[in-house]
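These are the residues of each chain, in order.
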Amino acid sequence: MRLTNNLLHLSLREAFLDIVPYYIISSIGILLIDVFNIDRQNTNVIVLALLNITDIFVYLFPLFLTICIAHHLANNYHVHRFIIIGVSLLVFISLAWTIDENQNFHYEKNMTLYALIIPIICMYSYLFLSKISFIQIIKEDLVSKQLKVVVNSIVPVLIIYMFFILILPYLSLFVQTTLFDLFHESVESLSLMAKSFIQLIVTHVVWWLTGIHGTHVYMIFADTSYLNEEIFKNLTADVFFFAFLVTGGAGATLSLLIAIVLKSKNEYDRKIAYISFPFAIFNINEILLFGLPLIMNLTFVIPFLLVPIFNFAMSYMFFSYFPIPESTYTISWTTPVFLSGYFLGNGQTFVFILLQLINLVVGVFIYYPFLKKYEEDKSLNQDAKKLRDKFGIKEEVNTMNELKFLKTQAEIIQEQSDTHKIVDELISGDLLLYYQPKIDIKQNRCYGFEALLRFSKPDGTVTGPFFISQIEKAGFAYVIDLWVIKKVYEDLNRWGIQSFNPKISINLSPESISDTYIVNKIIKRLKGKNIEIEILERTFAEEHSAFMNNIMKLKRNGFVISVDDFGTGFSSLQYLHTLPANIIKLDKALLDNTKTPEGKTLYRNISKMCLDLNYTLIAEGIETQEDKEFVQSVGVNIIQGFYFSQAIPFEKVKDYCNKF
């Protein structure tokens, strides 16, 4: 799954995480009413305030959700935030609030589905409409960038608003009615047990996919009045749900919480578990769901569904043999585990507590192997965090880590101990960028510079990038690439102050070029500057759609594409006439072979083919006068190598260039 496809998931996840504090605060009112039997006649100002929070949050939840999703979508897609928030609120309020003949406002409370889809449609509609040139009011850069964006948003916002107001209510009514009729026809004839099982599966899938309370969405198109019916004698379906199936909240996460406390070695996860525990007792698990997190976490999706399903099967068999006595106690969804079992036994038997204990313990064992796998993957992410903090690219790496977490595509690292060692060594020193000159020998001028990584050890020794291969194996190449992008941007700005604007080429990993987030970061920071992007030849031979689309995107934004190490791959010639590149760099390995007549013939003919195909040629690895004279004789005029200079630090680049 590519990065761009996950920006929506990331935005939703961030939005629901933002709402967690209000979930928890609003739950306090529920606890006061259901567990401690405090009613609204209470005159204590603090108690009344806590009770009111619950009502207010339920009332405003869709509005909160609309704002949060719009904010994070705009942030992750680099769109003016208030434009998306504003149009989303405009549409939501227009659909949710109505005014009667007495000028009184009426608010439709059950607007959660609207709150979810409105910001998403607004965001993607705006992205599409903002690219249409004929509806842009200001096309030239005659004003500030912000003013241009704001003015050009007028028509897209108007179109989006009219679409929602004129079309969405009818479309929504059709979909909702169709879903309701379809669900009603297919489920109505089923048994109460089957209906309960379907609700269990659907609500958990919705919870895991979106972070929205699954029951809220389920009630939009399903009749849940059966929850008040007895699924067994003296046991209603809703009590069956909350007392035995979802202990600790959706996913029966009290079992996961216990597994973390007993087995986890990760300090952060244990803290989350301890913080979650007082709420999980009352079946409130938002802190664990979003803090761990479980929402859209592929590692936990199986146990998140499997534990409630096991509890369902186990409890169904149990109640088929053990009748439930009439009880004088009231049980709600916030009644703690074991206490609800005690109440169901009317304080006379502990057999129902035993069932809850069995479900809880089995759930711990089901969650445990998935928790272990999650922590193995997470330990690798800690290394990425160390690098992130060291090299000052927190925002970029945080976003990448979130997206990589959603994709769960990191490879299993067999040499994990070596990776930790490399990371620790990097933390102890500093990354540097040196610049190796490229010389146009025909015009006797400095053509540009290639940015090359160097590492400064604690003792001041500067070495080459010995760590690259191990970092790439560990899946952390993007950390280095993001740092290079940031550093080149800073260096170019420092040179620009001196009216010096050299051409700089940067090397990026194939994985980074395939990620649209990083490509957008390159465009945002380096567009308009004199930049070449160097990509290894082998990458083009392994091309895929995401990589090639991003290459073309870079070219459209004015970046020059260079094929690095040409001649070291196996498929060079068959791709030579179709490469989406401007420059080809002939690898030093080809030059080393020119000590023989055959090697000279090969180098000469490859050079001629590239020149005939209108590529700019750069010869790498020029170390001697003989090398220089040979490449010049075959028509190569731009050379790079120790003959002219090794890579030099930032401070020497301008002076070196002035020599020519």
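None of the values given here were measured: they were computed from a predicted structure. (Residues numbered from 1 in each chain as written. Predicted model: local features only at pLDDT ≥ 70, side-chain atom pairs only at ≥ 80, totals over all residues. Heavy atoms only, no water.)

## A closer look at the overall build of the chain
Here's step 1: When helices and strands are tallied, the chain shows 29 helices and 13 strands.
Here's step 2: Within the chain, the proportion of its 660 residues that are buried is 50%.
Here's step 3: Across the chain, the fraction of contacts at a sequence separation of at least 24, relative to all contacts at a separation of at least 6, is 69%.
Here's step 4: By element, 59% of the accessible surface of the chain is carried by carbon and sulfur atoms, the whole surface being about 31,500 Å². (Helix = DSSP H or I, 4+ residues; strand = E, 2+ residues; numbered from the N terminus. Buried < 20%, exposed > 50% of the residue type's maximum accessible area, 1.4 Å probe, protein only. Contact = heavy atoms within 4.5 Å. Areas by Shrake-Rupley, 256 points an atom, 1.4 Å probe, with all protein chains shown as cover.)

## A few points about the pairing of strand β5 (residues 430–440)
For a regular strand, side chains alternate in direction, first toward one face of the sheet and then toward the other.
Here's step 1: Among the eleven residues that make up β5, nine are buried, leaving the element largely enclosed by the rest of the structure.
Here's step 2: Relative to strand β6 (residues 445–456), β5 runs antiparallel, the two sharing eleven bridges. By the bridge assignment for β6, Pro437 is matched with Phe449.
Here's step 3: Relative to strand β13 (residues 638–640), β5 runs antiparallel, the two sharing two bridges. Paired with Asp440 across the two strands is Ile638, which belongs to β13. (Pairing = 2+ DSSP bridges.)

## Structural notes on the packing of aromatic side chains
Here's step 1: A complete count under the given rule lists 22 aromatic pairs for this structure.
Here's step 2: On the numbers, 5.8 Å between centres and 50 degrees between planes, the contact of Phe232 with Tyr316 is tilted. Taken as a pair, Phe232 in strand β3 (residues 230–232) and Tyr316 in helix α14 (residues 301–319) lie far apart in primary sequence, 84 residues in all.
Here's step 3: Measuring from centroid to centroid gives 5.8 Å for Trp495 and Phe500, while their planes differ by 85 degrees, and the two rings are edge-to-face.
Here's step 4: Here Trp495 falls in the buried class, since its relative accessible area comes to 1%.
Here's step 5: For Phe500, a relative accessible area of 10% gives the class buried.
Here's step 6: The lysine or arginine in question, Lys263, covers the ring of Tyr368, its NZ or CZ lying 5.5 Å from the ring centre. (Phe/Tyr/Trp six-rings, centres within 6.5 Å; stacked < 30°, edge-to-face > 60°. Lys NZ or Arg CZ within 6 Å of the ring centre and 35° of its normal.)

## Examining a nonpolar patch on the surface
Here's step 1: Among the surface-exposed residues, Leu158, Met162, Phe163, Leu166 and Ile167 lie close enough to one another that they form a single nonpolar patch of about 450 Å² accessible area.
Here's step 2: Within the secondary structure, Leu158 is located in helix α6 (residues 154–166). (Patch = residues over 30% accessible without salt bridge, like charges linked within 9 Å, V, L, I, M, F, W, Y side chains within 5 Å. Salt bridge = Lys/Arg side-chain N within 4 Å of Asp/Glu carboxyl O.)

## Overview of the pattern of salt bridges
Proximity of charged atoms lets side chains of opposite charge pair with each other.
Here's step 1: Enumeration according to the criterion identifies twelve salt bridges in this entry.
Here's step 2: Where Glu490 meets Lys486, a salt bridge forms, and the shortest distance between an N and an O atom there is 3.2 Å. With Glu490 and Lys486 both in helix α20 (residues 477–497), this residue pair falls four residues apart, about one helical turn.
Here's step 3: Accessibility expressed as a relative area gives 18% for Lys486, which makes it buried.
Here's step 4: Salt-bridge contacts for Asp592 lead to Lys588; the nearest nitrogen and oxygen are separated by 3.1 Å. Of this pair, Asp592 and Lys588 both sit in helix α26 (residues 588–592), four residues apart, which is roughly one turn of the helix.
Here's step 5: By relative accessible area, Lys588 is classed as partly exposed at 28%.

## Quick word on helix α27 (residues 597–612)
Here's step 1: Taking 1.5 Å of rise per residue, 16 residues should cover 22 Å, and α27 covers 22 Å from first to last C-alpha, within 8% of that figure.
Here's step 2: Every buried residue belonging to α27 is among Gly599, Tyr603, Ile606, Ser607 and Cys610, and all of these are buried. With its buried residues spanning 100 degrees around the axis, α27 presents them on a single face. Pointing more than 90 degrees away from the buried face of α27 are the exposed residues Pro597, Glu598 and Asp612.
Here's step 3: One or two steps after α27, the chain reaches Asn614, where phi turns positive at roughly 70 degrees. (Expected span 1.5 Å × (residues − 1). Arc of directions from axis to C-beta.)

## Observations concerning unusual backbone geometry
Keep in mind that most residues, glycine aside, have a negative phi and that most peptide bonds are trans.
Here's step 1: In this structure, Phe338 takes a positive phi of about 75 degrees despite not being glycine.
Here's step 2: Its place among the elements puts Phe338 in the loop between α14 and α15 (339–344).
Here's step 3: Given a relative accessible area of 29%, Phe338 falls into the partly exposed group.
Here's step 4: Notably, Asn614 is not glycine yet its phi reads approximately 70 degrees, a positive angle.
Here's step 5: Turning to its location among the elements, Asn614 is positioned in the loop between α27 and β12 (616–620).
Here's step 6: Judged by its relative accessible area of 70%, Asn614 is exposed.

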